[in-house]
Amino acid sequence: MRLERLVQTVTILSLLLVVPASGAIGQARSAAADAGLSARYAGSRIYFDADPTYFNITVSVSGPNGYHGQVFSERRAPSFRLADFGEVADGLYHFEMTAATQTYAAEPSSREQAGYNGREPTAQRPREGVSFTGSFRVENGQVLVFDDADQET
């Protein structure tokens, strides 16, 4: 039993330590692609793509020297221009993209739970959400984009 626990712990730690060296494509692509979310980089702008059925899309970006910016769109994935939210210092930036889907969250187990008001159950249930996070590096005001082959060396 202890050996199994030790193997699980080592496996989890080894997965956490597998981190790309640097660059603009440091996010988990397969999970994001499965969720219908992605990002592209051009100069000092990040273009986000989302499944066309997603709505209420929010993108937040944070970086060095207290940099923070956020954009929202009700119907389509927005783009993000770094200079629109302050001075763009060289360094590592992080982003998070969230969106609502057409799927409702799991139905409550009982209609008679606290707060039930007699309306249709879908009227009070939230939608399921998806999210996508990643990071990129900026030098001289421009997002650095690396080839996947460069990441493997």
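Residues numbered from 1 in each chain as written. Predicted model: local features only at pLDDT ≥ 70, side-chain atom pairs only at ≥ 80, totals over all residues. Heavy atoms only, no water.

(A) Local environment of unusual backbone geometry. Positive phi is not limited to glycine here, since Asn-65 has a value of about 60°. Tracing the sequence through the fold places Asn-65 in the loop between strand S3 (55–62) and strand S4 (68–73). Asn-65 gets classed as exposed once you look at its relative accessible area, which sits at 72%. Its identity is not glycine, yet Asn-140 carries a phi of approximately 55°, on the positive side. Relative to the assigned elements, Asn-140 resides in the loop between strand S7 (127–139) and strand S8 (142–143). (Helix = DSSP H or I, 4+ residues; strand = E, 2+ residues; numbered from the N terminus. Buried < 20%, exposed > 50% of the residue type's maximum accessible area, 1.4 Å probe, protein only.)

(B) Representation of the packing of aromatic side chains in the model. Taken as a whole and assessed by the stated rule, the structure comprises seven aromatic pairs. Centre to centre, the rings of Tyr-41 and Phe-136 are 5.7 Å apart; their planes meet at 50°, and the pair counts as tilted. Here Phe-136 lies in strand S7 and Tyr-41 lies in strand S1 (residues 37–42), a separation of 95 residues in the sequence. For the pair formed by Tyr-41 and Phe-136, the shared burial category is buried. Seen in terms of ring centroids, Tyr-67 and Tyr-93 are 5.3 Å apart; in terms of plane orientation they differ by 75°. Their pairing is edge-to-face. Taken together, the residues Tyr-67 in the loop between S3 and S4 and Tyr-93 in strand S6 (residues 91–104) connect sequence positions 26 residues apart. (Phe/Tyr/Trp six-rings, centres within 6.5 Å; stacked < 30°, edge-to-face > 60°.)

(C) A look at the nonpolar core. Within the largest apolar cluster, 25 residues are counted, with the highest numbers of intra-cluster contacts made by Phe-48, Val-61, Phe-80, Leu-82, Tyr-93, Phe-95 and Phe-136. Put simply, the parts of the chain that give this core at least two residues each are S1, strand S2 (45–50), S3, S6 and S7. Contact partners of Leu-82, with chain neighbours within four places excluded, come to Ser-44, Val-61, Tyr-67, Val-88, Phe-136, Val-138 and Val-143. (Core = buried A, V, L, I, M, F, W, Y, C linked by side-chain atoms within 4.5 Å. Contact = heavy atoms within 4.5 Å.)

(D) Geometry of the pattern of salt bridges. Taken as a whole and assessed by the stated rule, the structure comprises two salt bridges. Of the charged contacts, one joins Asp-49 and Arg-40 as a salt bridge, the two residues approaching to 2.9 Å between their closest N and O atoms. Note on Asp-49: relative accessible area 29%, which makes it partly exposed. The partly exposed category is assigned to Arg-40, whose relative accessible area is 44%. Measuring nitrogen to oxygen at the nearest pair gives 2.5 Å for the salt bridge that ties Arg-81 to Asp-84. Since its relative accessible area comes to 48%, Asp-84 is described here as partly exposed. (Salt bridge = Lys/Arg side-chain N within 4 Å of Asp/Glu carboxyl O.)

(E) Up close: the environment of Phe-55. Checked against the element boundaries, Phe-55 lands in strand S3. In contact with Phe-55, not counting residues within four places along its chain, are Glu-74, Arg-75, Ala-99, Ala-100, Thr-101, Gln-102 and Arg-127.

(F) Up close: the sheet that holds S3. Strand order in the open sheet formed by five strands is S4-S3-S6-S7-S8, with antiparallel pairing between adjacent strands. Each end of this open sheet is capped by a strand with a single partner; those strands are S4 and S8. Taken together, the two bridges between S7 and S8 define a ladder with antiparallel strand orientation. Considered in S8, the bridge of Glu-139 is made with Gln-142. (Pairing = 2+ DSSP bridges.)

(G) Examining the sheet that holds S1 more closely. Taken together, the three strands give an open sheet; going across it, the order is S1-S2-S5, and neighbouring strands pair in antiparallel fashion. Where the open sheet ends on each side, the last strands, each with one partner, are S1 and strand S5 (79–81). Averaged over all pairs of adjacent strands, the angle between strand axes in this sheet comes to 20°, irrespective of strand direction. Relative to S5, S2 runs antiparallel, the two sharing three bridges. Each residue of the ladder has a partner; that of Tyr-47, found in S5, is Ser-79. (Axes fitted to C-alpha atoms, helices over the stretch in contact; angles between N-to-C directions.)

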